[in-house]
Amino acid sequence: MRQQADSSPRFRKLPRRVALVLRADFREKGGGDLVQAQRYAEELSRHDVQATIMTPTELGKAGAFDLVHIFNIDLPYEFIEAVRASSGLPIVVSPIHHDARYSKRMMNSETISGIEKLLNSLPGDLREYLAACRRVLRGSGTVIEKARRCIHYTLWMPNVRRLAGEGLRDADRVLVLSSREEQSLQRDFNLGEITMHRLPNGIELVQESQHTKTSARCAVIGRIEPRKRQCEVLEEAEAVGLGLTFIGGENGNHPEYLRRFKRAISRSKMSVWLGPVPHDQVMNELADAPGLINLSWMEVQSLVELEALASGCWVVAGNSGGNAEYFPDRVFESDPSGTRGALLLAKSLLESGLVGKMSENMEALSNYPTWSEVGSDLLDVYSAILGEA
């Protein structure tokens, strides 16, 4: 399953300092891109490579680096900022790109309401521009710095997709998490002839995944918000008679959705909501859960799904992520628009006893890369680029 590194011994030149560039709000708002960058930094440090996580504006003020690694092209204005702040240094891009078709499907869903529904009715380019300027105004920096960035955004707006595509084409390497992400990038940015390298997220095997599962409730993990679709999942689970354990805090940007979820969970006799809990407790819940249900409108390669798989769970997921590519016998995809069908599938898996067979057979995971192996492959990518310079 692992790809061969694209370096050669005679070009074994290692970087000393690498900039890992994320969105401007990564310190206030966590996410899979931040976890991915943190794991990269941790693994690189084992090879004496200093990896610093920063924002695009901080990159422009930082000291010297050997290489710049930019994450998350779905914020194109910040991506363009990061590319321009790289000042001719070698660039690696991890797009973590959500397919535009699934983004549109979410925007058109009935779960979006109020002011968000109004904003989503705007043309996509305008909505993206306004959101980018809003992040600038709410972020750090002087008035002059914020004004300068918004002026740049205004100038880029008519061609922002083309500029982002040029940034991808000009990068020294583009690292995708799955072939599905690669196809989405090609389709959404019209990239033409461009070589992408597949480097999936890593996994850590959990020894407890061998033990007998004790819970009959499946896990649902993530902040309570329309994108994650917990209300729809809970309501359909009640209808089909499936108990669930919800784990995750509240997204205060969606008060109406939160009220709906709290009403439903308070009435449920089969499901519970634990709220936000430490990561160790999340892993304990997965160790006992037979399966994970993740019907988010959009995913690229869910880290929560990988943790569930490492804990011996099966996964019922939406059809936008990349884990089914690597675990076709353990990840079962379902169109999230049809929540009832996904819950019936989960119930049939629970009744089939499949979880017992999975906990005894970890061969599917043994051929999948650990985070340590991902870190080594990433370093090979960096080394190959520096060897070409």
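Chemist: Pulling in residues and values, what's your account of unusual backbone geometry?
Modeler: Non-glycine residue Asp48 carries a positive phi angle of around 65°. Position of Asp48 among the secondary structure elements: in the loop between helix H1 (32–45) and strand E2 (50–54). Even without glycine at this site, Asn72 takes up a positive phi of about 75°. When you line up the elements, Asn72 lands in the loop between strand E3 (67–71) and helix H3 (76–85). Owing to a relative accessible area of 14%, Asn72 belongs among the buried residues under this scheme.

Chemist: I'd like a description of the pattern of salt bridges, backed by residues and values.
Modeler: A side chain with one charge can pair with a side chain of the opposite charge if their charged atoms come near. Tallied over the full model, the rule gives 22 salt bridges. Between Glu43 and Arg46 there is a salt bridge, with the nearest N and O atoms lying 3.1 Å from each other. On the basis of relative accessibility, which here comes to 4%, the residue Glu43 falls in the buried class. What emerges from the salt-bridge pattern is a single network uniting Arg39, Glu42, Glu43, Arg46 and Glu204.

Chemist: Explain helix H6 (residues 124–138) to me, using residue names and the numbers behind them.
Modeler: Over its 15 residues, H6 runs 21 Å from end to end, which matches the ideal 21 Å to within 8%, given 1.5 Å per residue. Those residues of H6 that sit buried are Glu128, Tyr129, Ala132, Cys133 and Val136. In a view along the axis of H6, the buried residues occupy a sector of 130°, so they form one face of it. In H6, the exposed positions angled more than 90 degrees off the buried face are occupied by Arg134, Leu137 and Arg138. Check the buried side of H6 and you find it contacts H3, helix H7 (143–156) and helix H8 (160–170).

Chemist: Now, about the nonpolar core: what can you tell me, with residues and values included?
Modeler: Grouped together as the largest cluster of nonpolar side chains are 50 residues, with contacts concentrated most on Leu20, Tyr40, Leu286, Phe327 and Tyr382. No other element matches helix H18 (residues 371–388), which puts 7 residues into this core. Those residues within four positions of Tyr382 in sequence are excluded, and the remaining contacts are Pro15, Val18, Leu20, Leu44, Leu67, His69 and Val92. Membership of the second largest hydrophobic core comes to 25 residues, among which are Leu234, Leu244, Phe261 and Leu349.

Chemist: Before we move on, could you go through H18 and cite the residues and values that matter?
Modeler: Between its first and last C-alpha, H18 extends 26 Å over 18 residues, near the 26 Å set by a 1.5 Å rise per residue. With 14 of 18 residues buried, H18 is to be regarded as a mostly interior element.

Chemist: Tell me what's going on with the sheet that holds strand E5 (residues 173–176), and back it up with residues and numbers.
Modeler: One open sheet accounts for 6 strands, arranged E2-E1-E3-E4-E5-E6; its pairing is parallel. Two strands lie at the open edges of the sheet, namely E2 and strand E6 (197–198), each paired on one side alone. Across 2 bridges, the pairing between strand E4 (residues 91–94) and E5 is parallel. Looking at E5, one finds that Val92 is bridged to Arg173. Packing of H1 onto the sheet brings it into contact with strand E1 (17–21), E2, E3 and E4, and relative to E3 it is tilted by some 150°. Sitting on the sheet, H18 is in contact with E1, E3, E4 and E5, with an inclination near 165° to E5.

Chemist: Give me the environment of Ala19: which residues, what numbers.
Modeler: Tracing the backbone through its elements, the reader meets Ala19 in strand E1. Ala19 gets classed as buried once you look at its relative accessible area, which sits at 0%. Leaving out residues up to four positions away in the same chain, Ala19 has contacts with Thr52, Met54, Leu59, Phe65, Leu67, Val68 and His69.

Chemist: Provide a residue-level description of the confidence of the model for the chain, including the pertinent values.
Modeler: On average, residues of the chain carry a pLDDT of 88, and 90% of them reach 70 or more. Counted against residues more than four places away or in other chains, residues 1–5, with its pLDDT under 50, gives 11 contacts. Note on residues 7–11: pLDDT under 50 across the span, and 6 contacts to partners over four residues away in sequence or across chains.

Chemist: If you had to explain the environment of Lys228 to someone new, which residues and values would you point to?
Modeler: When you line up the elements, Lys228 lands in the loop between strand E7 (218–221) and helix H10 (230–240). Along the backbone, Lys228 and Leu295 are 67 residues apart, and their C-alpha atoms lie at a distance of 6.5 Å. Discounting chain neighbours no more than four positions away, the residues touching Lys228 are Arg223, Leu295, Ser296 and Glu299. There is a polar contact of 3.3 Å between the side chain of Lys228 and the side chain of Glu299.

Chemist: Give a detailed account of the packing of H10 against helix H15 (residues 339–352), specifying residues and quantitative values.
Modeler: Think of two packed helices as two axes; the pair is described by the angle between the axes and how far apart they sit. Packing of H10 against H15 leaves a shortest axis separation of 9 Å and a crossing angle of 55°. The angle between the axes of H10 and H15 places the two elements in the oblique class. Between H10 and H15 the crossing geometry is right-handed. Counted together, Glu232, Val233, Glu236, Ala237, Ala239 and Val240 of H10 and Thr339, Arg340, Leu343, Leu344 and Lys347 of H15 form the full contact between these two elements. Among the residues making up the contact of H10 with H15, the classes are represented as 6 nonpolar, 1 polar and 4 charged.

Chemist: I'd like a rundown of the pairing of E5, residues and numbers included.
Modeler: Judged by which residues are buried, E5 turns out to be covered on both faces: Arg173 and Leu175 on one side and Val174 and Val176 on the other are all buried. As defined by bridge partners, E5 adjoins E6 across 2 bridges and the pair is classed as parallel. Paired with Leu175 across the strands is His197, a residue of E6.

Conventions used here
Residues numbered from 1 in each chain as written. Predicted model: local features only at pLDDT ≥ 70, side-chain atom pairs only at ≥ 80, totals over all residues. Heavy atoms only, no water. Helix = DSSP H or I, 4+ residues; strand = E, 2+ residues; numbered from the N terminus. Buried < 20%, exposed > 50% of the residue type's maximum accessible area, 1.4 Å probe, protein only. Salt bridge = Lys/Arg side-chain N within 4 Å of Asp/Glu carboxyl O. Expected span 1.5 Å × (residues − 1). Arc of directions from axis to C-beta. Contact = heavy atoms within 4.5 Å. Core = buried A, V, L, I, M, F, W, Y, C linked by side-chain atoms within 4.5 Å. Pairing = 2+ DSSP bridges. Axes fitted to C-alpha atoms, helices over the stretch in contact; angles between N-to-C directions. pLDDT = per-residue confidence, 0-100. Polar contact = N/O pair within 3.5 Å; in protein donor to acceptor, adjacent residues only side chain to side chain. Parallel < 35°, antiparallel > 145°, perpendicular 65-115°, else oblique. Left-handed = near helix turned anticlockwise from the far one by under 90°. Nonpolar A, V, L, I, M, F, W, Y, C, P; charged D, E, K, R; others polar.

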